[in-house]
Amino acid sequence: MQEVAYAGQLIEARKLLHTRAAQALQKAFEATDGAGEAAVLLAHHWHQAQDYAHQAAEWDLQAASWLVQRDVNATVARLRSAIAATDKLDPSDAAVRRLAIAARAGIVRSASLVDIPSADVEQAYAQARSMVVAENNPAGLAELLLSNAIYQLNRGSAVDASKLIDEAVSILEETDDTHTLSRFRIPILNVYFTRGQLQRGLDILSLGNDWQQQPINLENFASRALRAIVLAYMGRLPEAQQELKMVLQVTGASAGFMPLW
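These numbers were taken from a predicted model, which means no experiment stands behind them.

Rules and cut-offs
- Within any chain, residue numbers begin from 1 and follow the written order of that chain's sequence.
- In keeping with the predicted nature of the model, local features appear solely for residues at pLDDT of at least 70, side-chain atom pairs appear and are counted solely at 80 or more, and the whole-chain, interface and lining totals rest on all residues.
- Hydrogens and water molecules were not included; the side-chain quantities draw on all heavy atoms of the structure.
- By salt bridge we mean one thing: a side-chain nitrogen of Lys or Arg within 4 Å of a carboxyl oxygen of Asp or Glu.
- Runs of E in the DSSP output that reach at least two residues are strands. Runs of H or I that reach at least four are helices, and both are numbered from the N terminus.
- Throughout this description, buried means an accessible area under 20% of the type-specific maximum (1.4 Å probe, protein chains only), exposed means over 50%, and partly exposed covers the range between.
- What pLDDT expresses is the predictor's confidence in each residue, scored from 0 to 100.
- Any two residues having at least one pair of non-hydrogen atoms within 4.5 Å are treated as being in contact.
- Multiplying 1.5 Å by the helix residue count minus one yields the expected span of that helix.
- When two rings of Phe, Tyr or Trp (its six-membered ring) have centres within 6.5 Å they constitute a pair, described as stacked for plane angles under 30 degrees, edge-to-face for angles over 60, and tilted for the intermediate range.
- Working convention: axes come from line fits to C-alpha atoms, limited for helices to the stretch in contact. Angles between N-to-C directions cover 0 to 180 degrees.
- With respect to orientation, any angle under 35 degrees is reported as roughly parallel, any angle over 145 as roughly antiparallel, any angle of 65 to 115 as roughly perpendicular, and every other angle as oblique.
- Note: crossing handedness is left-handed where the near helix turns anticlockwise from the far helix by less than a right angle, and right-handed where it turns clockwise.
- Ten residues, namely Ala, Val, Leu, Ile, Met, Phe, Trp, Tyr, Cys and Pro, are considered nonpolar, four, namely Asp, Glu, Lys and Arg, are considered charged, and the remaining ones, Gly among them, are considered polar.

Novice: Before we go on, may I ask you to explain the pattern of salt bridges in this structure?
Specialist: Between side chains of opposite charge, a pair can form when the charged atoms approach closely. All told, the structure shown has 12 salt bridges when counted by the stated rule. Measuring nitrogen to oxygen at the nearest pair gives 3.9 Å for the salt bridge that ties Glu58 to Arg98. One end of the pair, Glu58, is in helix α3 (residues 53–67); the other, Arg98, is in helix α5 (residues 94–110), with 40 residues separating them in the sequence. For Glu58, a relative accessible area of 28% puts it in the partly exposed group. Exposure remark for Arg98: the relative accessible area of 47% places this residue in the partly exposed category. Two residues, Arg97 and Glu135, come together in a salt bridge whose shortest N-O distance is 2.8 Å. Residue Arg97 is found in helix α5, and its partner Glu135 is found in the loop between α6 (118–134) and α7 (138–154); the two are separated by 38 residues along the sequence. Take Glu135: its relative accessible area is 25%, and that puts it in the partly exposed class. Salt bridges linked by common partners bring Arg109, Glu143 and Arg183 together as one network.

Novice: What is the right way to look at the confidence of the model for the chain in this model?
Specialist: The predicted coordinates should not be examined in detail at positions where pLDDT is low. Per-residue confidence for the chain gives a mean pLDDT of 83; residues scoring 70 or more make up 83%. Mean pLDDT in the chain bottoms out at helix α1 (residues 2–30), which sits at 61, and peaks at helix α8 (residues 158–174), which reaches 94. Low confidence marks residues 254–261, where pLDDT is under 50. Its contacts with residues over four positions away, or in another chain, come to 21 contacts.

Novice: What am I meant to see in helix α11 (residues 221–233) here?
Specialist: Side chains of residues three or four places apart in an α-helix project in the same direction, reflecting 3.6 residues per turn. The end-to-end C-alpha distance of α11 is 19 Å, a good match for the 18 Å that 13 residues give at a rise of 1.5 Å each. With respect to burial, α11 is a largely interior element, 10 of its 13 residues being buried. Gly235 sits one or two residues past α11 and shows a positive phi near 85°.

Novice: Where do I start with the packing of aromatic side chains in this structure?
Specialist: A ring pair, where both rings are aromatic, is described by two values, the distance of the centres and the angle of the planes. On inspection of all chains with the given rule, the structure shows one aromatic pair. With a centroid separation of 5.0 Å and 90° between ring planes, the pair formed by Phe193 and Tyr233 is classed as edge-to-face. Taken together, the positions of Phe193 in helix α9 (residues 185–195) and Tyr233 in helix α11 put the pair 40 residues apart, joining distant regions of the chain.

Novice: Is there a simple way to explain the packing of α7 against α8 in this structure?
Specialist: When two helices pack together, their arrangement is captured by the angle between the axes and the distance separating the axes. In the contact formed by α7 and α8, the axes pass within 8 Å of each other and the chain directions differ by 165°. On the basis of the axis angle, α7 is roughly antiparallel to α8. Considering only the axes of α7 and α8, their crossing is left-handed. Contacts from Pro138, Leu141, Ala142, Leu145, Leu146, Asn148, Ala149, Gln152 and Leu153 in α7 reach Ala158, Asp160, Ala161, Leu164, Ile165, Glu167, Ala168, Ile171 and Leu172 in α8. When grouped by side-chain class, the residues that make up the contact of α7 with α8 number 14 nonpolar, two polar and two charged.

As structure tokens, then:
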């Protein structure tokens, strides 16, 4: 009995240490623009604290966002961890549903970058879609449709991908929330490039903002480079040449940086 009690005390002591470490780290980064790599450590501490599933899920998602350009397998691990954490929480809580949906949408998007069993992807999509429909969340549904479009294109089904994008666009136009499209610029261009509907891709990305006329910078140069390729295929060579020239000016000044959008 003494050994059991001692073991229990050790477990509680470890949980307390992890809790205090997470609280101290979180406080240190609250005044900054973001925790960056520390998000991975924060997620670890909150999980080890065991009684803080909500915090663990939140930091899992932040860690996944930081990891996606560095280690996609680690990104998927954090997303799965977030799903497991939210499954322990009250699904009637809107904040919990937001985390649960985001984690599952991340799994669907990640399937285009790393091998994830199709059954897992389809389950994540179905669960997330059920959640966003139940809470009448048009923006969340549109984002999920766009995430699934990326997955469908990776599977070789550009037709299904374009149908999903068209459905998302229709939702976003009705709710006047087309800025969401800017997060999916490269996949959208890829889908309509694959289908041979190049102008359709450009038209979608012009909705809600003047993306094609904005200055090229570190946030958008990858999608603008792809736009230049699309313009070249359309025979608009002077425009394509000018676009690529500006892209090279930006990338030459910031070699090695490549966002995923």
